[in-house]
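So the chains spell out like this:
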Amino acid sequence: MRELEIVGVRVEMPTNQPLVLLREREGTRYLPIWVGAIEASAIAFAQQGVESPRPPTHALMASIIEGLGDELEEVRIVDVREGVFFAELKFASGAVVDARPSDSIALALRTGVRVVCEEDVLDVAGFAQTPDEDEEVEKFREFLDHVDPEDFEKP
């Protein structure tokens, strides 16, 4: 398993499909995972630390886990088949629960746990950044500094 950091959410053009971009902590590969607009908003809100007067779903999930006396240890991205990613939630109790990567990433951000990925998944779906792409990544980081979660809501 390779530990990943969550770079952020962006909208892929021209399809306007949101994606979350992850990067190896100890490596050069990136992993793009296409997500729905609602999930993109949840990830962006969590990454920006946006507080809500009522708990959003992933904050509620974190409260339920704590209320049941368990603790989320890590989020695992375990497989990709025909472009569909699969994840698991690993708990301190030993329980492992299947989950969508988008929900898992939003929950990881809310709970502060690490996200890891199977090496095989990175081999299949990851890409290494070339020097020519450095400028594009810098533009993406600048975009993240100025994007609001509401930007991912459907009109």
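Residues numbered from 1 in each chain as written. Predicted model: local features only at pLDDT ≥ 70, side-chain atom pairs only at ≥ 80, totals over all residues. Heavy atoms only, no water.

- Looking up the protein in an unreviewed UniProt entry gives the name Bifunctional nuclease family protein, with the organism given as Aeromicrobium tamlense.

## Regarding the sheet that holds strand β5 (residues 84-91)
- Read from one edge to the other, the open sheet built from 8 strands follows the order β6-β5-β4-β7-β1-β2-β3-β8, with strand pairing classed as mixed. Only two strands of the sheet have a single partner each, and these edge strands are β6 (96-99) and β8 (127-128).
- Here 2 bridges tie strand β3 (residues 29-34) to β8, and the two strands are oriented antiparallel to one another. Considered in β8, the bridge of R29 is made with A128.
- In this fold helix α1 (residues 37-48) packs onto β1 (2-12) and β2 (17-24), with an angle of close to 120 degrees to the strand it touches most, β1. (Pairing = 2+ DSSP bridges. Helix = DSSP H or I, 4+ residues; strand = E, 2+ residues; numbered from the N terminus. Contact = heavy atoms within 4.5 Å. Axes fitted to C-alpha atoms, helices over the stretch in contact; angles between N-to-C directions.)

## Considerations on the packing of helix α2 (residues 57-67) against helix α3 (residues 101-111)
- Close contact between α2 and α3 brings their axes to 9 Å; oriented N to C, the two are set at 65 degrees. Here α2 is positioned roughly perpendicular relative to α3, judged by the angle of their axes. The element α2 and its partner α3 pack so that their crossing is right-handed. Of α3, the residues touching α2 (which contributes H58, A59, M61, A62 and I65) are D103, A106, L107, R110 and T111.
- Taken together, the residues that form the contact of α2 with α3 break down as 6 nonpolar, 2 polar and 2 charged. (Parallel < 35°, antiparallel > 145°, perpendicular 65-115°, else oblique. Left-handed = near helix turned anticlockwise from the far one by under 90°. Nonpolar A, V, L, I, M, F, W, Y, C, P; charged D, E, K, R; others polar.)

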